Amino acid sequence: QVQLVESGGGLVQAGGSLRLSCAASGRTFSDYNMAWIRQAPGKERDYVAAITWNGNTYYTDSVKGRFTISRDNAKNAVYLQMNSLKPEDTAVYYCAASTGGLITRLRDYAYWGQGTQVTVSS
């Protein structure tokens, strides 16, 4: 198993930036595909970005060019740099881990953190 703890959320004005961090503990972190997933109020969870165990990255269309996912296997951590934030980015952001399956399919992620709130004011 792996345990995930997110940090770095907060309140920011539109156009601003935040960097989310996810600290992992447990089994070998480098074996996992990692993702950031968000849930806005009253909506379902949506995939935002993912990074494979070997560093390939994927983004949902709405964040391409604004968000960057990265990982540091030596620190057992994954990050989400969010720039040019918009009010529609407001959500709880979750870090999740998967050992296989489709990189963009939420049900393939077996391990989830508790989430961190990101609020973007207009």
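Rules used throughout
- Residues numbered from 1 in each chain as written.
- Predicted model: local features only at pLDDT ≥ 70, side-chain atom pairs only at ≥ 80, totals over all residues.
- Heavy atoms only, no water.
- Helix = DSSP H or I, 4+ residues; strand = E, 2+ residues; numbered from the N terminus.
- Polar contact = N/O pair within 3.5 Å; in protein donor to acceptor, adjacent residues only side chain to side chain.
- Contact = heavy atoms within 4.5 Å.
- Disulfide = S-S within 2.5 Å.
- Buried < 20%, exposed > 50% of the residue type's maximum accessible area, 1.4 Å probe, protein only.

1. Digging into the side chain of Ser-98
Residue position: Ser-98 is located in strand E9 (residues 91–98). A polar atom in the side chain of Ser-98 sits 2.6 Å from the backbone oxygen of Gly-100. A distance of 2.9 Å separates a polar side-chain atom of Ser-98 from the backbone oxygen of Asp-108. Not counting chain neighbours up to four residues away, the residues in contact with Ser-98 comprise Asp-31, Tyr-32, Asn-33, Asp-108 and Tyr-109.

2. Brief notes about the state of the cysteines
Per the counting criterion, the structure on display carries 1 disulfide. Residue Cys-22 pairs covalently with Cys-95 via a disulfide, S to S 2.1 Å. Its S-S torsion of approximately -80 degrees makes the covalent link between Cys-22 and Cys-95 left-handed. Here Cys-95 lies in strand E9 and Cys-22 lies in strand E3 (residues 18–26), a separation of 73 residues in the sequence. By the burial criterion, Cys-22 is buried, and Cys-95 matches it.

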